[in-house]
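Close look at the chain arrangement
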Amino acid sequence: DVETEKIDLEIENCIEDNSVELQVYEQKKFFLNYCHNNKLSEKESSRNSQIVLAKEEHRKHLQNLEHANAVRRLNQREVNQNNTLEIHKLKHQYQTWYCNIKGSLD
């Protein structure tokens, strides 16, 4: 009968429409997943570049600190040597002064 055929045709059209719509959503899903994965890859690449730069900067900073520390140690040695020389000079001056005073008192 005509009414049944009409309903069958509507059902077939709905099934076909749903099938096409499902394919469209599948394509959208794959495209969105593709875009998401690309963004993740870009961010990971950017992060890795930032890490490499930060490591290099940290290495340079450590080298500068090590150099500054070596210079500080050299300066400290020089100061210590100068202080030792000054102490010896003062002792010698004191002994000379003491001997002069003791000699004048005798």
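One structure accompanies this document, and this report is about it. (Residues numbered from 1 in each chain as written. Predicted model: local features only at pLDDT ≥ 70, side-chain atom pairs only at ≥ 80, totals over all residues. Heavy atoms only, no water.)

**Comments concerning the packing of aromatic side chains**
In the structure shown here, the tally under the stated rule is two aromatic pairs. When the centroid spacing of 5.8 Å and the interplanar angle of 40 degrees are considered together, the rings of Y94 and W97 count as tilted. With Y94 and W97 both in helix α1 (residues 2-105), this residue pair falls three residues apart, about one helical turn. Here Y94 and Y98 contribute two aromatic rings whose centre-to-centre distance is 6.2 Å and whose plane-to-plane angle is 25 degrees, an arrangement assigned as stacked. (Phe/Tyr/Trp six-rings, centres within 6.5 Å; stacked < 30°, edge-to-face > 60°. Helix = DSSP H or I, 4+ residues; strand = E, 2+ residues; numbered from the N terminus.)

**Examining the pattern of salt bridges**
Scanning the model with the defined rule gives three salt bridges in all. With a shortest N-O distance of 3.5 Å, E26 and K29 are connected by a salt bridge. Here the residue E26 and the residue K29 both occupy positions in helix α1, the gap between them amounting to three residues, near one helical turn. Here E56 ties to R59 by a salt bridge, and the two come within 2.3 Å at their closest N and O atoms. Here R59 and E56 lie together in helix α1, a separation of three residues that amounts to about one turn. Judged by relative accessible area, E56 falls into the partly exposed class, the value being 31%. Residue classification places R59 among the partly exposed positions, given a relative accessible area of 37%. (Salt bridge = Lys/Arg side-chain N within 4 Å of Asp/Glu carboxyl O. Buried < 20%, exposed > 50% of the residue type's maximum accessible area, 1.4 Å probe, protein only.)

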